[in-house]
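Overview (structure and organization)
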Amino acid sequence: MEIRELFEDDFPVMKEFFRDVFTREPWCDDWSDDAQLSAYIRDIAGCFNSISFGFFENGEMVALCIGKKHHWWGGTEYFIEELCVRFDLQGRGIGRLFMAEIEREILKRGMFQIYLQTERGKPAEKFYKKVGFDEIENTVCFFKQVKK
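Just so it is clear, the structure is predicted and the values come from calculations on it, not from any experiment.

Cut-offs applied
Within any chain, residue numbers begin from 1 and follow the written order of that chain's sequence. A pLDDT threshold of at least 70 governs which residues receive local features in this predicted model, and a stricter bar of 80 or more applies before side-chain atom pairs are shown or counted, although totals over entire chains, interfaces and linings include all residues. The side-chain values count all of the structure's non-hydrogen atoms but skip hydrogen atoms and water molecules. Two strands pair if DSSP finds at least two bridges between them. Strands are runs of DSSP state E lasting at least two residues, helices are runs of H or I lasting at least four, and both sets are numbered from the N terminus onward. Helix axes are fitted to C-alpha atoms over the stretch in contact, other axes to C-alpha atoms as well, and angles between N-to-C directions run from 0 to 180 degrees. We call a set of buried residues a nonpolar core when its members are Ala, Val, Leu, Ile, Met, Phe, Trp, Tyr or Cys and they connect through side-chain atoms within 4.5 Å of each other. Three labels apply to residues, based on accessible area from a 1.4 Å probe with only protein chains included: buried if under 20% of the type maximum, exposed if over 50%, partly exposed otherwise in between. Contact criterion: two residues are considered in contact whenever any of their non-hydrogen atoms come within 4.5 Å of each other.

All right, on to the sheet that holds strand β3 (residues 60–72) then. Taken in spatial order, the five strands of this open sheet run β1-β2-β3-β4-β5, and their pairing is mixed. In this open sheet, the two edge strands, each paired with only one partner strand, are β1 (2–6) and β5 (113–116). Each strand axis lies, on average, 35 degrees off the axis of its neighbour in the sheet, ignoring direction. The pairing of β3 with strand β4 (residues 75–85) spans ten bridges and is classified as antiparallel. Bridging from a neighbouring strand, Gly-67 pairs with Ile-80 of β4.

Here we come to the nonpolar core. By size, the foremost hydrophobic cluster in this structure holds 24 residues, and its most contacted members are Tyr-78, Phe-98, Ile-102 and Ile-114. Elements supplying a minimum of two residues to this core: β2 (50–57), β3, β4, α3 (94–108), β5 and α4 (123–130). Looking at this core, the element that brings in the most residues is α3, giving five residues. Not counting the four nearest positions on each side in its chain, Ile-102 is found in contact with Ile-3, Phe-53, Cys-65, Tyr-78, Leu-83 and Ile-114. Formed by 18 residues, the second largest nonpolar core is a distinct cluster that contains Phe-18, Trp-31, Ala-45 and Phe-56.

So this is what it looks like as structure tokens:
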């Protein structure tokens, strides 16, 4: 397997890979609005300092990571917006291998840590703990639905 940085020419593949993974269990997100999905992928993969990676086996994408370089008071970090493994390959160690490759890549680029958010109780929470991530216990994530 090999890691490769993804660029704007890769957006269509990124978009369809993302849709295929996140419209299935356990997320079941509704990405049927193609314009909304395109805008979302462009928002996170096409912004200043975006760095996206694909993990490939025999030329076929098996995992995707969309993130960005984030400058912080303690140094530069990699902020992962989305990370996913092809649904039929999950649970086979590909995510662990991909994360190790991502760590090597960001170290080469002068980044010292990875930051991300995920939903509590979903398989991703256990995965990130398994590959060495620590929960930030003094951080709270807020959300507010604005009513008309």
